[in-house]
Amino acid sequence: MTTLAPLLRQRLRRDAVQLSVWIGGTAALVAAGYPGVRGSYGDEQERVALLATVIANPVILLFRGLPSGAGEAQMVAFLLLPWLLLLGALMSSFLAVRHSRGDEEEGRLELVAATPAGRSVPLAATVVHGAVAAAVLGVVVSAVFVASGAPALGSALVGAACLVVALVFLGVGLAAAELLPTARGANSLSVWVLLGCFVVAGVGNALGTPSDDLTRMTSSGLAWASPFGWAENVRPFDADDPRPLILGAVVAAVLISAAAALHAHRDLGAAFLPERRGRAHARPALASHLALVARQSLPSVIGWTAAGVLVGVLSTSLGSVADRIGDDNPAVTAVLQALGGAGADLARGIVVVFFVMLGVFAACAATQTVVRARQDETRGTAELLLSSGVARRRWLGDHVVVALVAATLTLVGGVLGAAAGAQAASDGAGLVRDAAIAGAGQLVPAWLFAGLAAVLVVVLPRLALPTAWALVAIGAVVALFGPLFGMSAALVDVAPFASAPVPTSDGVDLRGILPLALATALAVAAALLAMRRRELRA
């Protein structure tokens, strides 16, 4: 195993920037969240009212943690812990796939396997690398909590929860890389497993039993089927019970061991779920490059559209209970109105908040489609296409066109879901109108991120992937968490998602639609113009 140390050093150098962004971003969320919650809900009565509202409306628990008391640190953990776990899980699963199936696709693992390292040491290096990254994440999160004034024991358990969940999804990523023949497929499988676990934990919390004072919730058995449920049942700053993390550690060990066993029984380049053989001749519908990009993007577009339908259903199904929230909790009303616009009623504010989230999903769909151009470039498939007569601008432009369509379909799915969810609401027609306006308003921000991703692919190709996703993440955090954390309205308005048009009682508040549309047009035009003279790069 003398080759393990050099391999590990190489991977740590290679991932230094990406891991710094993941860990630093997670720490920044804590650093901004703790004082934000303290400023927004500094009074215990406000926190008690908020928890009572949340417990009385369980659908909200789908996107929050497990209520464990009305203390300041307990409130921070309730609001932030699921998202900290989500970031750690994404970091680890992407790392696992990148250094296993990703390196295998690029031919790097074949070169390493030809050295004394063989086939097993690279996998061991990936496990150690992922474990070190997860440990650093846990330590940094704990340190930021302590620095913010949280109790040390609870802070340590928050960090330990992030560590354990990250290790579980390190195992998920490694197993997915053994099962599927492409890094893209393995990443997709890992993300869907992650999102499924996130939703299962949220549903398990929503179906739980509240305490008599409505400040705590006991999870239902369903939450124990998810790593997120195990981590949340540690109840940091309340029960401080580390025992659920033992289950997570065992599952992580099982998954990593299973991935190692699968790795030992397959050939390099093979997979247990091999790719289907393609047709000998393409259908007429695939006669153009645009059709080819659309076909390659179809599975992800279907997934994002399905997510849009789900978010849309939730946005209006809450309308029937929204009227009970405002009278009991002015703080929640203020947060929702910060996104929904002055004078917005609570039901409309809830629709707007959900469609801000859906705008983030649409931007993700668009970004994923555009950066696929860069992935094709590094794999060499773009060079083959360009040698067949496809112009460089058309090659990039087709990816942008499909990205715009993907974002649009995601938002259309949300509006259709909203119409379905509004059937039982007393003001169903009004909620559907609000959803349609909010969905249309998020269209331009989502398109803007497609344009920004295209600019990055042309101007900064080697940094295009992490930078494009970082921009989406920053915009999402500011838009979704800015009002909650007490950020100034001027800062929140910088986020494209938060400055999108929204419905009002009198019609539509156009907000920053003109600057957004202009920025989108300029970004797309600049990318296509610059692509004309840009050569392909590794």
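Nothing here was measured: the structure is a model prediction, and the numbers come from that model.

**Student:** Residue-level account of the overall build of the chain, with values.
**Tutor:** Scanning the chain for helices and strands turns up 21 helices and four strands. Per-residue burial for the chain yields a buried fraction of 53% across its 538 residues. Sequence separation of at least 24 residues holds for 78% of the intrachain contacts in the chain that already meet a minimum separation of 6. Put simply, the chain shows about 22,200 Å² of open surface, and 67% of that area lies on carbon and sulfur atoms.

**Student:** Outline the environment of Leu87, supporting the account with residue identities and numerical values.
**Tutor:** Mapped onto the elements, Leu87 comes out in helix H4 (residues 72-106). For the pair Leu87 and Ala166, spaced 79 residues apart in sequence, the C-alpha separation works out to 8.6 Å. Once residues within four sequence positions are removed from consideration, Leu87 is found in contact with Trp22, Thr26 and Leu29.

**Student:** Explain helix H11 (residues 289-317) to me, and be specific about the residues and the numbers.
**Tutor:** Its 29 residues place the ends of H11 41 Å apart at the C-alpha level, agreeing with the 42 Å of an ideal helix rising 1.5 Å per residue. In the structure, H11 departs most strongly from a straight axis at Leu298, where the bend amounts to approximately 50° and where the proline Pro299 lies between one and four residues downstream.

**Student:** Please give an account of the packing of helix H1 (residues 4-14) against helix H6 (residues 120-147) that cites residues and values.
**Tutor:** Packing of H1 against H6 brings their axes to within 9 Å, and their N-to-C directions diverge by 50°. When the axis of H1 is compared with that of H6, the two are oblique. H1 and H6 meet at a crossing whose hand is right-handed. Two secondary-structure elements touch here, H1 through Leu4, Leu7, Leu8, Arg11 and Leu12 and H6 through Val121, Pro122, Ala124, Ala125, Thr126, Val128 and His129. Classifying every residue of the contact of H1 with H6 gives nine nonpolar, two polar and one charged.

**Student:** Any chance you could break down helix H8 (residues 183-206) for me, citing the residues and the numbers?
**Tutor:** When the terminal C-alpha atoms of H8 are compared, their 34 Å separation across 24 residues agrees well with the 34 Å that a helix rising 1.5 Å per residue should span. Within the sequence span of H8, burial applies to Ala183, Ala186, Ser190, Leu194, Cys197, Phe198, Ala201, Gly202, Gly204, Asn205 and Ala206. Contacts made by the buried residues of H8 are with H4, helix H7 (152-179), strand S2 (217-218) and helix H9 (227-232). Capping the start of H8 is the job of one residue whose side-chain oxygen sits 3.0 Å from the backbone nitrogen of Gly185: Thr182.

**Student:** Got a sec to walk through the packing of helix H2 (residues 16-40) against H6? Specific residues and values, please.
**Tutor:** Packing of H2 against H6 brings their axes to within 9 Å, and their N-to-C directions diverge by 20°. By the criterion of interaxial angle, the relationship of H2 to H6 is roughly parallel. In terms of crossing hand, the pair formed by H2 and H6 is right-handed. Residues Leu19, Ile23, Thr26, Ala27, Val30, Ala31 and Tyr34 of H2 touch H6, and the partners they reach there are His129, Ala133, Val136, Leu137, Val140, Val141, Val144 and Phe145.

**Student:** How would you summarise a nonpolar patch on the surface if you had to cite specific residues and measurements?
**Tutor:** Judged by side-chain polarity, Leu12, Val128, Val132 and Val136 come together as a nonpolar surface patch covering roughly 260 Å² of accessible area. Ranked by residue count, the leading element in the nonpolar patch is H6, at three residues. With respect to the helices and strands, Val136 occurs in helix H6.

**Student:** Can you explain empty space enclosed by the protein? Please cite residues and give values.
**Tutor:** Within this structure, the stated rule accounts for six cavities of 30 Å³ or more. Of the pockets and cavities examined, the second largest cavity occupies roughly 70 Å³. Lining the second largest cavity, in full, are Gly65, Leu66, Ser68, Gln74, Ala77, Phe78, Leu81, Glu232, Arg235 and Pro236. Per-element tally for the lining of the second largest cavity: the top contributor is H4, with four residues. Class assignment for the residues of the lining of the second largest cavity results in five nonpolar, three polar and two charged.

**Student:** So what's going on with the environment of Val128? Which residues, and what values?
**Tutor:** Tracing the backbone through its elements, the reader meets Val128 in helix H6. Linking Val128 and Leu8, residues 120 residues apart in sequence, is a C-alpha distance of 7.8 Å.

**Student:** Describe the side chain of Asp376, and please don't skip the residues or the numbers.
**Tutor:** Here Asp376 lies in helix H14 (residues 346-379). Sequence-distant contacts of Asp376, defined by excluding residues within four places in its chain, comprise Arg184, Gln296, Thr381, Ala382 and His399.

**Student:** With reference to specific residues and values, describe the nonpolar core.
**Tutor:** In terms of nonpolar packing, the biggest core is built from 60 residues, with Leu84, Leu85, Val141, Phe145, Phe169 and Phe228 touching the most fellow members. Counting only elements with at least two residues in this core, the list comes to H2, helix H3 (44-56), H4, H6, H7, H8, H9 and helix H10 (243-264). Looking at this core element by element, the count peaks at 17 residues for H4. In this structure Phe145 touches Val30, Tyr34, Val76, Leu84, Ala150, Ser155, Val158 and Phe237, once residues within four positions along its chain are discounted.

**Student:** An account of the packing of aromatic side chains is needed here, citing residue identities and associated values.
**Tutor:** Evaluated as defined, the whole model comprises seven aromatic pairs. Between the aromatic rings of Phe169 and Phe228, the centroid separation amounts to 5.9 Å while the plane-to-plane angle is 45°, which identifies the pairing as tilted. Taken together, the residues Phe169 in helix H7 and Phe228 in helix H9 connect sequence positions 59 residues apart. Just as Phe169 is buried, Phe228 falls in that class too. For the ring pair Phe449 and Phe497, a centre distance of 5.0 Å and an interplane angle of 10° mean the geometry is stacked. Separated by 48 residues along the polypeptide, Phe449 in helix H18 (residues 443-459) and Phe497 in the loop between helix H20 (489-492) and strand S3 (502-503) bring together distant segments of the chain. The same class applies to Phe449 as to Phe497, namely buried. Every member of this aromatic cluster is reached through a ring pair, and the members are Trp83, Phe169, Phe198 and Phe228.

Parameters at a glance
For every chain, the first residue of its written sequence is number 1, and the numbers climb from 1 along that sequence. Selection of residues for local features in this predicted model requires a pLDDT of at least 70, selection of side-chain atom pairs for listing and counting requires 80 or more, and totals for whole chains, interfaces and linings are taken over all residues. Calculation of side-chain values draws on the structure's entire complement of heavy atoms; hydrogens and water are dropped beforehand. Only DSSP runs of H or I with at least four residues qualify as helices, and only runs of E with at least two residues qualify as strands; both kinds are numbered from the N terminus onward. Here the term buried applies to any residue with accessible area under 20% of the maximum for its type, exposed to any over 50%, and partly exposed to those in between, with areas from a 1.4 Å probe on protein chains only. We call two residues in contact whenever any of their non-hydrogen atoms come within 4.5 Å of each other. The Shrake-Rupley method, run with a 1.4 Å probe, gives the accessible areas here. Residue values count only the displayed protein chains as cover. Take the residue count of a helix, subtract one, and multiply by 1.5 Å to get its expected span. A residue's bend is the angle separating two fitted axes: one through the seven residues that end there, the other through the seven that start there. Orientation is described by lines fitted to C-alpha atoms, with helices fitted over the stretch in contact, and by angles between N-to-C directions that extend from 0 to 180 degrees. Every angle not falling under 35 degrees, over 145, or within 65 to 115 is termed oblique; those three ranges are roughly parallel, roughly antiparallel and roughly perpendicular. Helix crossings get a hand from a simple test, with the near helix turned counterclockwise from the far one by less than a right angle marking a left-handed crossing and a clockwise turn marking a right-handed one. Residue type decides the class: Asp, Glu, Lys and Arg count as charged, Ala, Val, Leu, Ile, Met, Phe, Trp, Tyr, Cys and Pro as nonpolar, and the leftover types, Gly among them, as polar. As used in this structure description, the phrase polar contact means that two N or O atoms lie within 3.5 Å; if the pair is within protein, one of them must be able to donate a hydrogen and the other to accept it, and residues adjacent in sequence are counted only when both atoms belong to side chains. Nonpolar side chains (Val, Leu, Ile, Met, Phe, Trp, Tyr) within 5 Å and like charges within 9 Å form the patches, drawn only from residues with over 30% relative accessible area and no salt bridge. Between Lys or Arg on one side and Asp or Glu on the other, a salt bridge is scored when a side-chain nitrogen of the former is within 4 Å of a carboxyl oxygen of the latter. For each structure, a 1 Å grid was placed over the protein atoms alone; sets of points admitting a 1.4 Å probe that cannot get out are labelled cavities, open sets with protein on both sides within 12 Å along at least five of seven lines are labelled pockets, and lining residues have an atom within 4 Å of a point. Grid points are joined across faces, edges and corners, and a volume is the space filled by probe spheres set on the points. Buried Ala, Val, Leu, Ile, Met, Phe, Trp, Tyr and Cys residues form a nonpolar core when they are joined through side-chain atoms within 4.5 Å. In this scheme Phe, Tyr and Trp rings, the latter by its six-membered ring, pair at centre separations within 6.5 Å, and the angle between planes marks the pair as stacked below 30 degrees, edge-to-face above 60, and tilted otherwise.

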